[in-house]
Amino acid sequence: MSNTRVLHGFHAVTARLTRLPDSVLELYVTRERNDPRMAELLKLAQQTGTRLIPADASRLDGLTGHRRHQGVAAVIDANKTFVALEDVLEDITEPPLILILDGITDPHNLGACLRVADAMGVHAVVAPKDKSVGINATVSKVACGAAEIVPYIVVTNLARTLREIKDAGIWVAGTDMDTQTDLYHFDQTGPLAWVMGAEGEGMRRLTREHCDVLVSIPMFGTVESLNVSVASGMCLSESRRQRVVKGEAKR
């Protein structure tokens, strides 16, 4: 079944061409840009055998819904995406670090989560098929290419996936304000999956019940809660910091 969508902007399009070139059906570029960044993109398109279509500003505006496209847009086959979580885990050489997003409906939040996941070396992002925004043009743009790089695994049954993750020896941690275990005193150097809940509502009850541990993020100011992408960034950054420190201690 045909399932296409449009990416726009250099980050998103370049990342897709690099990671999944076979999924790029058509690449539209402005006739008006002749700079090193465009030259690199055209070179990559030639290397991957991507169909290249010169386009004027009005056509690019129409393709992208008048978003800030930077003179670049690509039509992709959205059915061609990353493989199952098990396949991703087979290829890594360090303890897995996974981000699980339970019902994120805001595309800007999802894009920001993917961006921070890429920055902190997350091996995969997992999300349920239902009650989630999914990858769209806005998500790809906000993610600045991370949506085309970080494996984004969509599952039909999140509770079952959480059980499978735990069976694989990966500790599942959720966030909660009312728990004694805090972010900075929780060992995150082993196989770990962070679960982040939906905006405003948090994790669903069944998701919470599948967590091995609930962890609080210490708050030192006056605000009572954090945006999901900010919370993800704080948790993943601490996970990566602990792993770096542990690695240095072994030298």
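Quick summary incoming for the structure in this document. Computed from a predicted model, the values in this text were never measured in an experiment. (Residues numbered from 1 in each chain as written. Predicted model: local features only at pLDDT ≥ 70, side-chain atom pairs only at ≥ 80, totals over all residues. Heavy atoms only, no water.)

**Section: the packing of helix 5 (residues 107-119) against helix 9 (residues 228-249)**
The interhelical angle for the contact between helix 5 and helix 9, taken along N-to-C directions, is 15 degrees, at an axis separation of 8 Å. Judged by the inter-axis angle, helix 5 sits roughly parallel to helix 9. Both helix 5 and helix 9 take part in a crossing whose hand is right-handed. Residues Asn109, Ala112, Cys113, Val116 and Ala117 of helix 5 pack against Val228, Ser229, Ser232, Gly233 and Leu236 of helix 9. Of the residues in the contact of helix 5 with helix 9, the class split is six nonpolar, four polar and no charged. (Axes fitted to C-alpha atoms, helices over the stretch in contact; angles between N-to-C directions. Helix = DSSP H or I, 4+ residues; strand = E, 2+ residues; numbered from the N terminus. Parallel < 35°, antiparallel > 145°, perpendicular 65-115°, else oblique. Left-handed = near helix turned anticlockwise from the far one by under 90°. Contact = heavy atoms within 4.5 Å. Nonpolar A, V, L, I, M, F, W, Y, C, P; charged D, E, K, R; others polar.)

**Topic: the environment of Asn157**
Inspection of the secondary structure assignment puts Asn157 in the loop between strand 7 (152-155) and helix 7 (158-167). Note: C-alpha distance between Asn157 and Asp130 (27 residues apart in sequence) is 9.0 Å.

**Notes on the layout of surface pockets**
Taken as a whole, the largest pocket holds about 560 Å³ of empty space. When residues of the lining of the largest pocket are traced back to their parent elements, those giving at least two are strand 9 (192-197) and helix 9. By residue class, the composition of the lining of the largest pocket is 10 nonpolar, eight polar and five charged. (1 Å grid on protein atoms, 1.4 Å probe; cavity = no way out; pocket = protein on both sides within 12 Å on 5 of 7 lines; lining within 4 Å. Points joined across faces, edges and corners; volume = space filled by probe spheres on them.)

**Some points on the sheet that holds strand 3 (residues 52-55)**
The four strands lie next to each other as 1-4-2-3, forming an open sheet whose pairing is mixed. Both edges of this open sheet fall to strand 1 (4-8) and strand 3, since each of them pairs with a single strand only. In this sheet, adjacent strand axes meet at a mean angle of 20 degrees when their direction is disregarded. Looking at chain direction, strand 2 (residues 24-30) and strand 3 are connected through four bridges and run parallel. Its bridge partner lying in strand 3, Leu27 is registered against Leu52. Packed on one face of the sheet, helix 1 (residues 10-19) meets strand 1, strand 2 and strand 4 (72-77) and runs near 125 degrees to strand 1. (Pairing = 2+ DSSP bridges.)

**A word on helix 7**
Residues of helix 7 that are buried include every one of Leu158, Ala159, Thr161, Leu162 and Ile165, and no others. Taken end-on, helix 7 shows its buried residues confined to a sector of 160 degrees, consistent with a single buried face. Looking at where helix 7 begins, the residue whose side-chain oxygen comes 3.2 Å from the main-chain nitrogen of Ala159 is Asn157. (Buried < 20%, exposed > 50% of the residue type's maximum accessible area, 1.4 Å probe, protein only. Arc of directions from axis to C-beta. Polar contact = N/O pair within 3.5 Å; in protein donor to acceptor, adjacent residues only side chain to side chain.)

**What about the pattern of salt bridges?**
Summed over the entire model, instances satisfying the criterion amount to eight salt bridges. Among the salt bridges present, the one from Asp35 reaches Arg33, with a minimum N-O distance of 2.8 Å. Two residues, Glu209 and Arg205, come together in a salt bridge whose shortest N-O distance is 2.8 Å. One end of the pair, Glu209, and the other, Arg205, are both in helix 8 (residues 205-209), four residues apart, so they sit about a helical turn from each other. Arg205 sits in the exposed class, given a relative accessible area of 58%. (Salt bridge = Lys/Arg side-chain N within 4 Å of Asp/Glu carboxyl O.)

**A short note on the packing of helix 1 against helix 2 (residues 36-48)**
Direction vectors running N to C along helix 1 and helix 2 enclose 25 degrees, while the axes themselves pass 10 Å from each other. Of the possible angle classes, the one that applies to helix 1 and helix 2 is roughly parallel. Both helix 1 and helix 2 take part in a crossing whose hand is left-handed. In this structure, helix 1 uses Phe10, His11, Val13, Thr14, Leu17 and Thr18 to contact helix 2, whose residues at the interface are Arg37, Met38, Leu41, Leu44, Ala45 and Thr48. A per-class count over the contact of helix 1 with helix 2 returns seven nonpolar, four polar and one charged.

**Description of a nonpolar patch on the surface**
A cluster of nonpolar side chains, Met219, Val223, Leu226 and Val230, forms an exposed patch at the surface whose accessible area comes to about 300 Å². When you line up the elements, Val223 lands in the loop between strand 10 (213-215) and helix 9. (Patch = residues over 30% accessible without salt bridge, like charges linked within 9 Å, V, L, I, M, F, W, Y side chains within 5 Å. Areas by Shrake-Rupley, 256 points an atom, 1.4 Å probe, with all protein chains shown as cover.)

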